[in-house]
Amino acid sequence: MVLSNVHLLPLNRTVNIGIAGSIITSVKDVERSPITDPFVLNFEHSIAFPGLINSHDHLDFNLFPKLGDPPYKNYSDWGTSIHNTYKKEIEEVLTIPLPLRVKWGIYKNLLCGVTTVVDHGPRFLIQDPLLDVFTDHHSLHSVRFEKNWMLKLNNPFKKNIPCVIHVGEGIDPSANKEINKLINWNLLKRPLIAIHGVAMDTKQAANFKGLIWCPGSNYFLFNETARIDQLKAKTLVCFGTDSTLTSSWNIWEHIRLAKDTGYISAVELFDMLTESPAQLWGLDKGSIGRWKKADIVIARTKNNKPGLDSFCSTNPEDILMVIQNGNIRLFDSMLLNQLNSMGFSHEAFTEIVINGEKKFVEGDLR
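Description of the structure in this document.

## Re the packing of aromatic side chains
Argument step 1. Applying the stated criterion across every chain yields a total of 13 aromatic pairs.
Argument step 2. Ring geometry for Phe49 versus Phe311: centroids 5.0 Å apart, planes at 90 degrees, classification edge-to-face. Linking Phe49 in strand E5 (residues 46-50) with Phe311 in helix H12 (residues 308-312), this pair joins segments that are 262 residues apart in sequence.
Argument step 3. For Phe49, a relative accessible area of 0% corresponds to the buried category.
Argument step 4. On the basis of an interplanar angle of 45 degrees and a centroid distance of 6.4 Å, the ring pair of Trp104 and Tyr107 is categorised as tilted.

Now the structure itself:
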């Protein structure tokens, strides 16, 4: 199959992308690549970019509305508050079977063009997940909420496995102090990956293999976020959404919020969603190139400007196709005739409408 005439980001080239099975076999400039493949999807005014990597989510927590009465000083204050104030709302969501809640978390990401999610918390057996759920790490919730976290952190059988933990999630002195506590108790010098790090300073950042930035969640809870403009020089920064308990389901709103902080450039932001997390988590993806895994998103160009400004302006209704591991997982109705002519069956897909745009998504979404 060939995806023809797409504007490739971030390289700003108009290319044809060849796919065989789960692998990208070619990326060639349009004017230099006559197409011989019988299965061709033609696009116009479209950008192509790697499937997004969401480096922090709780897949089973995405049927919650935002809960809380912010701003708070730290995550502990928020947690105590919502369990006292919203007990009924929390119990109602938790009555929904866990596999269904996890599946909805997957759809939340897929509809936005995410093809890989790093899930934080207990591991779940997921049937036909539609995207890659990365769990090859050791999840600890936090310094305050994880029982026996010091013993778990210093488990000698896991000393080479990255430990992923919420830390510095707040704006008061205690949030900063708990980062030092975590660093000092990392006796085995395990690779640490911090989530949030709102209270983190540059000296602390140097002790972490990576930092997952979740500005949507941070601004909701604290009306502040991590100083990524300073921390990015000391540790590898990647991007996460967290769950709908504290943020919008739409990752593109998070992306625009991050851009508006002025802490990073559009190029850096794009990298935090693609190549940087591929590096941090050891994934063979994050870019579109020959022999790479075929995780590709095609979206409409905005305002006839097929660059990173168009990327940052994207919304779920603008996504024309999501390919994960070489499989079409979502496509826009404008491609239906072309796919039918190729003999592609969409019987296993559900027709949905997002802001007036008709999409077909794999699975029984209803």
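## Digging into the sheet that holds strand E8 (residues 132-134)
Argument step 1. In space, the 3 strands of this open sheet follow the order E6-E7-E8, with parallel pairing throughout. Looking at strand neighbours, the two that pair on one side only are strand E6 (52-57) and E8, the edges of this open sheet. When strand polarity is set aside, the average angle formed by the axes of neighbouring strands in this sheet is 25 degrees.
Argument step 2. With 3 bridges joining them, strand E7 (residues 114-119) and E8 adopt parallel strand pairing.

## A word on helix H9 (residues 251-260)
Argument step 1. Among all positions in H9, only Ile251, Trp252, His254, Ile255 and Ala258 are buried. Buried residues along H9 cover an arc of 155 degrees about the axis, so they all sit on one side.
Argument step 2. Of the residues flanking the start of H9, the one acting as N-cap is Asn250, its side-chain oxygen 3.0 Å from the backbone nitrogen of Trp252.

## A short note on the state of the cysteines
Argument step 1. Within the structure shown, the criterion is met by 0 disulfides.
Argument step 2. With no disulfide partner, Cys112 has as its closest neighbouring cysteine sulfur the one in Cys312, 14 Å distant.
Argument step 3. No disulfide involves Cys214; its nearest neighbouring cysteine sulfur is the one of Cys238, lying 11 Å away.
Argument step 4. Given the relative accessible area of 0%, Cys214 is considered buried.

## Digging into the pairing of E5
Argument step 1. Across the 5 residues that make up E5, a large majority, 5, are buried.
Argument step 2. In the sheet, strand E1 (residues 2-8) pairs with E5 via 2 bridges, with the strands oriented parallel. Across the sheet, residue Leu8 finds its bridge partner in E5, namely Ala48.
Argument step 3. As paired elements, E5 and strand E14 (residues 296-300) share 5 bridges and run antiparallel to each other. Note on E14: the bridge partner recorded for Phe49 is Val297.

The rules behind the values
- Residues numbered from 1 in each chain as written.
- Predicted model: local features only at pLDDT ≥ 70, side-chain atom pairs only at ≥ 80, totals over all residues.
- Heavy atoms only, no water.
- Phe/Tyr/Trp six-rings, centres within 6.5 Å; stacked < 30°, edge-to-face > 60°.
- Helix = DSSP H or I, 4+ residues; strand = E, 2+ residues; numbered from the N terminus.
- Buried < 20%, exposed > 50% of the residue type's maximum accessible area, 1.4 Å probe, protein only.
- Pairing = 2+ DSSP bridges.
- Axes fitted to C-alpha atoms, helices over the stretch in contact; angles between N-to-C directions.
- Arc of directions from axis to C-beta.
- Polar contact = N/O pair within 3.5 Å; in protein donor to acceptor, adjacent residues only side chain to side chain.
- Disulfide = S-S within 2.5 Å.

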